[in-house]
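# Notes for the structure review
Listed below, chain by chain, are the residues.
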Amino acid sequence: HIHWAIKTLKNHGYHIQKATEPVQSTPWSEVCRFTTDKGLVYLKMTPPSLWLEANIITLLHEQFHAKVPQIIATNQEAHCFLMVDAG
């Protein structure tokens with residue numbers, strides 16, 4: 001997950017300034033934070049049964065213009081996604 005996130009962030013023009021920090025660890029998700037030159041970015045990892053979250057966030061943003069985190073990238077095979085800090 002972390003290697004995918006680092007590679008993806010670099011491919012999207014982010015420069016990582018601080019190593020990943022664990023933010024949350026529960027049975028239903030894990031979240032790590034990256035400090036980048038463009039602000040904070042979060043990597044969220046979920047079990048396969050909860051993989052819908054990234055799609056729901058995107059739907060809420062696109063169809064309802066909800067104030068939700070911007071999804072940078074998703075990795076369906078690894079059940080994780082990157083999102084910018086929603087502050």
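So, here is what we can say about the structure in this document. Quick caveat, the model's predicted, so the values are computed rather than measured. (Residues numbered from 1 in each chain as written. Predicted model: local features only at pLDDT ≥ 70, side-chain atom pairs only at ≥ 80, totals over all residues. Heavy atoms only, no water.)

### Structural notes on the state of the cysteines
Quick note on the threshold: Counting rule for disulfides: a pair of cysteine sulfur atoms within 2.5 Å. The buried label applies to any residue whose accessible area, calculated with a 1.4 Å probe on protein chains only, is under 20% of its type's maximum; exposed applies above 50%, and partly exposed to all values in between.
What the rule picks out here adds up to 0 disulfides. No disulfide involves Cys32; its nearest neighbouring cysteine sulfur is the one of Cys80, lying 10 Å away. On the basis of relative accessibility, which here comes to 11%, the residue Cys32 falls in the buried class.

### Some remarks on the side chain of Thr8
Basically, it comes down to this: Here a strand is any run of E in DSSP of at least two residues, a helix any run of H or I of at least four, and the numbering for each starts at the N terminus. Under this definition, polar contacts are N or O atom pairs within 3.5 Å; protein pairs additionally need one hydrogen-donor-capable and one acceptor-capable atom, and for neighbouring residues in sequence, both atoms have to be side-chain atoms. Contact between two residues is taken to exist if any of their heavy atoms lie within 4.5 Å; hydrogens are not considered.
Take Thr8: it is sitting in helix α1 (residues 2-11). Residue class for Thr8 comes out buried when judged on its relative accessible area of 10%. Of the polar contacts made by the side chain of Thr8, one reaches the backbone oxygen of Trp4; its length is 2.7 Å. Once you skip the residues sitting within four places of it in the chain, Thr8 turns out to touch Ala73 and Leu82.

### Some details on α1
Worth spelling out the cut-off: Each C-beta atom gives one direction from the helix axis, and the arc is the one those directions make.
Of the positions making up α1, those classed as buried are Trp4, Ala5, Thr8 and Leu9. Axial view of α1: buried residues confined to an arc of 125°, hence all on one face. Exposed residues on α1 whose side chains face more than 90 degrees from its buried face are His3, Lys7, Lys10 and Asn11. Each element contacted by the buried residues of α1 is listed here: β1 (16-26), β2 (29-36), β3 (39-45), β4 (71-75) and β5 (80-84).

### Thoughts on unusual backbone geometry
Negative phi characterises most residues that are not glycine, and trans characterises most peptide bonds. We note that His65 has phi near 50°; this positive angle belongs to a residue other than glycine. Note on placement: His65 falls in the loop between α2 (53-64) and β4. On the accessibility criterion, His65 (63% relative accessible area) is exposed. Phi angles above zero are rare outside glycine, and His79 is one such case at about 55°. Here His79 is to be found in the loop between β4 and β5.

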